[in-house]
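# Breakdown of the fold
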Amino acid sequence: MRFVLVLIFSMITTQAMAEGRPASYKDDEAKTVAIMLASEEPCGITIYSEGMFAWFEERIPADQAVEFLHNVNYLTRIETYKLNEVAGAQRELHCRAVLVQLKEAGWLAE
């Protein structure tokens, strides 16, 4: 039940945060970064910081950086909580999906 409430809350707040954002912002980028960051410890992976920083500098305009980071931090807390609610095959599937994304993005530390 708690997981469902958090999921509903995160969907509502994510939509609310999206209102008023410049068109150049992509909500899925902040959420994807948050999922990757939240997955680091539970999935036993290490993110290559320099790869992430290079992506950040390329994709996020300087005047939107602070807001983007605020949103990533907020969403990371939500994703961390949600990950603590899953285990077994569901968590394994999540971790494998994140691993694929990290490899593709060049963010996976060797």
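Residues numbered from 1 in each chain as written. Predicted model: local features only at pLDDT ≥ 70, side-chain atom pairs only at ≥ 80, totals over all residues. Heavy atoms only, no water.

## What to know about the packing of helix H2 (residues 27-43) against helix H4 (residues 65-84)
It is at 8 Å that the axes of H2 and H4 come closest, and there the two elements cross at 45 degrees. As far as their axial angle goes, H4 and H2 are oblique. Considering the relative orientation of H2 and H4, their crossing is right-handed. Residues Glu-29, Ala-30, Lys-31, Val-33, Ala-34, Ile-35, Leu-37, Ala-38, Ser-39 and Pro-42 of H2 form the contact with H4, whose own contacting residues are Phe-68, Val-72, Leu-75, Thr-76, Glu-79, Thr-80, Lys-82 and Leu-83. (Axes fitted to C-alpha atoms, helices over the stretch in contact; angles between N-to-C directions. Helix = DSSP H or I, 4+ residues; strand = E, 2+ residues; numbered from the N terminus. Parallel < 35°, antiparallel > 145°, perpendicular 65-115°, else oblique. Left-handed = near helix turned anticlockwise from the far one by under 90°. Contact = heavy atoms within 4.5 Å.)

## Some points on the layout of surface pockets
In this structure, the largest pocket spans a volume of roughly 220 Å³. Together, Asp-28, Glu-29, Thr-32, Val-33, Met-36, Trp-55, Gln-101, Glu-104, Ala-105 and Trp-107 line the largest pocket. Counting only elements with at least two residues in the lining of the largest pocket, the list comes to H2 and helix H5 (88-105). The element best represented in the lining of the largest pocket is H2, accounting for five residues. (1 Å grid on protein atoms, 1.4 Å probe; cavity = no way out; pocket = protein on both sides within 12 Å on 5 of 7 lines; lining within 4 Å. Points joined across faces, edges and corners; volume = space filled by probe spheres on them.)

## A few points about the packing of H2 against H5
Helix-helix packing: each pair is described by the crossing angle between the helix axes and the interaxial distance. Running from N to C, H2 and H5 cross one another at 120 degrees; their axes reach a closest spacing of 10 Å. By the angle class used here, H2 and H5 are oblique. Of the two possible hands of crossing, H2 and H5 adopt the one that is left-handed. Contacts between H2 and H5 pair Thr-32, Ile-35, Met-36, Ser-39, Pro-42 and Cys-43 from the former with Arg-91, His-94, Cys-95, Val-98, Gln-101 and Leu-102 from the latter. Residue classes in the contact of H2 with H5 are distributed as seven nonpolar, four polar and one charged. (Nonpolar A, V, L, I, M, F, W, Y, C, P; charged D, E, K, R; others polar.)

## Quick word on H2
With 17 residues, H2 extends 23 Å between its outermost C-alpha atoms, agreeing within 8% with the 24 Å of an ideal straight helix rising 1.5 Å per residue. At its buried positions, H2 is contacted by helix H3 (49-59), H4 and H5. (Expected span 1.5 Å × (residues − 1).)

## So, the pattern of salt bridges
Following the criterion strictly, the structure yields four salt bridges and no others. Here Arg-59 makes a salt bridge to Glu-29, at a shortest N to O gap of 2.0 Å. Of this pair, Arg-59 sits in helix H3 while Glu-29 sits in helix H2, placing them 30 residues apart in sequence. Assessed through its relative accessible area of 37%, Arg-59 is described here as partly exposed. Here Glu-29 falls in the buried class, since its relative accessible area comes to 10%. Notably, a salt bridge pairs Lys-82 with Glu-79, separated by 3.1 Å at the nearest N-O pair. (Salt bridge = Lys/Arg side-chain N within 4 Å of Asp/Glu carboxyl O. Buried < 20%, exposed > 50% of the residue type's maximum accessible area, 1.4 Å probe, protein only.)

## So, the confidence of the model for the protein
Put simply, the protein has an average pLDDT of 81, and 76% of its residues get 70 or more. Within the protein, helix H1 (residues 2-18) has the poorest average pLDDT of any element, 45, and H5 the best, 94. Contacts for the low-pLDDT stretch residues 1-13, under 50 throughout, to residues beyond four places or in other chains number 13 contacts. (pLDDT = per-residue confidence, 0-100.)

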